[in-house]
Amino acid sequence: MAKRTPRAGAERVDARDKVRGATRYAADDARAGLLHAALVPSRIARGSVTAIDTAAAQRVRGVRTVFTHQNIGSFDTGGFLMGGGFGFQSFHPLRSPQIAYRGQTVAMVVADTPEAAREAAALVAVTCAAIPFVATIDAPEAQPQAQSALLPQPMFADRRAGDAEAALQGAAFTVDAAYELPVQHQNPMEIIATVAEWSADGVLTIHEPTQNAESVRHGLAKQLGIEPARVRVLSPTVGGGFGQKNSLQSHTALVAIAARALGRPVKLVLSRSQLFHNASFRPASRHRVRLGADRGGKLVAAIHEIDQQTSRHDLFPSNGTEITARLYGIGNFLGRERLVRTDVQTPGYMRAPFEHPAAFAFESAVDEMAYALGRDPVAFRLANDTAVDPISGKPFSSRHLAECLAKGSSAFGWARRTMVPRSMRAPDGSLIGWGVAAGAYKAAIAPAIAKVRLDANGTVRVAVGGHEMGQGIRTAIALTVARVLGAPVAAVEILVGDTTAAPQHLTAGSWGTATALPPVKEAAQRLMDDLRQNAGAQAGANGATAVALLRASGRPFAEAESRMRAPGQPEQVFGRLTGGLPAAAGPVYPDFVAFSFIAHFVEVRIEPTTRRIRVPRVLSVADCGTVASLRTARSQVEGGVVWGIGAALREASEVDARYGGFLNADLAEYVLPVAADIGRIDVDFVGKPDTRLNAMGVKGLGEVAMVGVAPAIVNAVFHATGKRLRRLPLRLEDLL
Ligand code: MOS
């Protein structure tokens, strides 16, 4: 494997436990008395259950109960995250005989062992009545509907600046192209698992990997008709979330109900295949991009239209033009999004949910325009940069996309690129292509309450809303607090993903670091200020560490708290935080718009006979404001690049339109890039703090990291071959 950028910065605080296997995940729970659940999936895509025969299942030794809609009793839905509720979808299995999608749970077996539960689940005989269904976004019966008509909120309306249609008519050069992206599934390494346990006094404890412990808590309380105070959710470590774990799942209440009915803790671990059908995924989308440019090489008009798949029961919104409207200074812009109902579980957020597909389409079209004009793709982008948001007219809180492009092209050696397709060859005869693309992602901040406590033995305890999904939030918090208090990083204990420690806002949308770090830092500073004040004019107080000051004071401990919210967010937003609801997803800042930016430079090599596409080299430069933790920031970008390679060249969830559901629902057939597919990845940062957004100057990185990787690859493939491919993932046969 090729050489990697040398690592820098402190090590991850969770690294050793992870590689030793000491980190415990929900599925590792093996307490005494645990019962095990297994789900029975629907084999039809739409209709209803007419009969269930559980006799054979109940004869399996160790089976306790087979739960169906007939015997489970009544319970509420948790509601839909984007519709004022808590769940990834509003529809809830087993509340009725209704079947809304293939793979939906129609029964759940609970037994003494996982083996017995699975064996019995396979023996549950379900009879169904099927009705016609729509399997894909391209089905003849599918009916796209204007999002602006379905969802009245301003953020889902068409995006307009100037008069795009008229400007397009008058443009000297135009591009008009259509792009397709498939359904994809997140496939985090840690599949979803839940352990539910009731205490003798009726308190429910849920252990489940989630990005949104508070929504699990409040959603379950609503579903079960109990007080939120009687539910605690613990999710200290999550083995990858990527949006699939961002809300209440559709099995959690079933496990809680089973545990209550049987008087024992119950564990459910979904299978990899069930993950494809019981949790959210990236919906398919179809894009049409029209661009107009003048003879001087200025983009004068853009129309970006998106059709995106949703479920029949929920409206998962599309929001791709939020970033394509902001990539360049195009005075006449129209963004229009439509939703297409299909019979699936509700799709949802998957890393850069809208931004990756939208950037693929838009940045491919921008490359097409650069070639139509005969302009270098980097120079063309720089010539169309902007300091002002074309949609709102507001300035950017900070914007260093031009620096990302300039820094990246110099480090990549872009000046040595020859413009003409098929003009660069490797010594072995492979076609070489160099491509570039830009990405952006909104810089959002959620409300948070942070508590820092220092004990005289030197232990520092930090509690804040946030979820450790592997992105390194504990490392960033530990480094920040250790610096302020002059404490060793190892002395810092961090409670995140724990509804008993601090209110847990959804960790998503790349707002984790910018949400948790500023209040944590402020609380630590308050604690330090308090200790210094206390020490007064005592000698040495200035250079002393927090623990030295504490000991000198004779107090057993000291603590401090900080509450923070985004600029422009009202005080009531803390009510949403403690109520398990996301702060308005906007965000709408009064004086500016805020986005992170990135530029990706990609080399592809294409074997001339087989057309095998390799990506030996990617170089990415990100503008994410202050880099809080260099090591984890780099690894976020590397992960984003790897995912971009997967999105461009590998990943697609296949549907057989006759049956619905997803065909390749396992890691053997849902093809991901492996280490051998990854070459050199170089990562750099602009590193300029965005102090308009927050005191630490942090913007956010998790998702912008992958925005633009796919179009940079596809643009490189065009440069290598002269073939413009507009459908992901690319197939070798497209190049023959
Ligand atoms: Mo992310 S896809 O907002 O969890």
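Residues numbered from 1 in each chain as written. Predicted model: local features only at pLDDT ≥ 70, side-chain atom pairs only at ≥ 80, totals over all residues.

## A word on the domain arrangement of the protein
Its domain assignment divides the protein into domain 1 (18–133 + 189–240 + 245–278), domain 2 (144–184 + 282–444 + 591–735) and domain 3 (448–578). If you average the C-alpha positions of domain 1 and of domain 2, the two centres end up 36 Å apart. In this complex, domain 1 contributes 20 residues to the contact, which on the side of domain 2 involves 20 residues. Tallied by class, the residues present in the side of domain 1 that touches domain 2 amount to nine nonpolar, eight polar and three charged. (Domains from an automatic or database assignment. Contact = placed C-beta atoms within 7 Å. Nonpolar A, V, L, I, M, F, W, Y, C, P; charged D, E, K, R; others polar.)

## Looking at the sheet that holds strand β21 (residues 557–564)
Spatially, four strands are ordered β20-β19-β18-β21 in an open sheet, and the strand pairing comes out mixed. The sheet is open, and its two edges are formed by β20 (492–495) and β21, each paired on a single side. Across the sheet, the mean angle from the axis of one strand to that of its neighbour is 15 degrees, orientation sign disregarded. Pairing of strand β19 (residues 460–463) with β20 involves four bridges; the strand directions are parallel. Counted as the bridge partner of Val462 is Ile494 from β20. Packing of helix α13 (residues 473–485) onto the sheet brings it into contact with β18 (448–455), β19 and β20, and relative to β20 it is tilted by some 135 degrees. (Pairing = 2+ DSSP bridges. Helix = DSSP H or I, 4+ residues; strand = E, 2+ residues; numbered from the N terminus. Axes fitted to C-alpha atoms, helices over the stretch in contact; angles between N-to-C directions.)

## Digging into the confidence of the model for the protein
Predicted confidence across the protein gives a mean pLDDT of 95, with 98% of residues reaching 70 or more. Taken as a whole, residues 1–7 scores under 50 in pLDDT and shows eleven contacts with residues more than four places along the chain or in a different chain. Here the complex is predicted with pTM 0.96, and the ipTM for its interfaces comes to 0.94. (pLDDT = per-residue confidence, 0-100.)

## Notes on the nonpolar core
Formed by 235 residues in total, the largest nonpolar core has its most connected members in Val109, Val462, Val481, Val520 and Ile713. Sort the elements by how many residues they give to this core and helix α10 (residues 355–373) lands first, with ten residues. Filtering out sequence-adjacent residues up to four positions away, Val462 remains in contact with Ala450, Val452, Ile477, Val481, Val492, Ile494, Leu495 and Val520. (Core = buried A, V, L, I, M, F, W, Y, C linked by C-beta atoms within 7 Å. Buried ≥ 20, exposed ≤ 12 C-beta atoms within 10 Å, placed from the backbone.)

## A short note on the UniProt feature "domain: Aldehyde oxidase/xanthine dehydrogenase a/b hammerhead" (unreviewed entry) in the protein
Per the UniProt record, "domain: Aldehyde oxidase/xanthine dehydrogenase a/b hammerhead" (unreviewed entry) is found at residues 20–132. Regarding residues 20–132, the helix share stands at 13% and the strand share at 31%, and the terminal C-alpha atoms are separated by 51 Å. (UniProt positions renumbered as here; feature names shortened; annotations may be inferred.)

## Things to note about unusual backbone geometry
Cis geometry is found at the peptide bond from Leu728 to Pro729, where omega equals -10 degrees. By secondary structure assignment, the location of Pro729 is in the segment after α18 (709–721). For Arg611, which is not a glycine, the phi torsion comes out positive at approximately 65 degrees. Inspection of the secondary structure puts Arg611 in the loop between β22 (595–606) and β23 (613–623).

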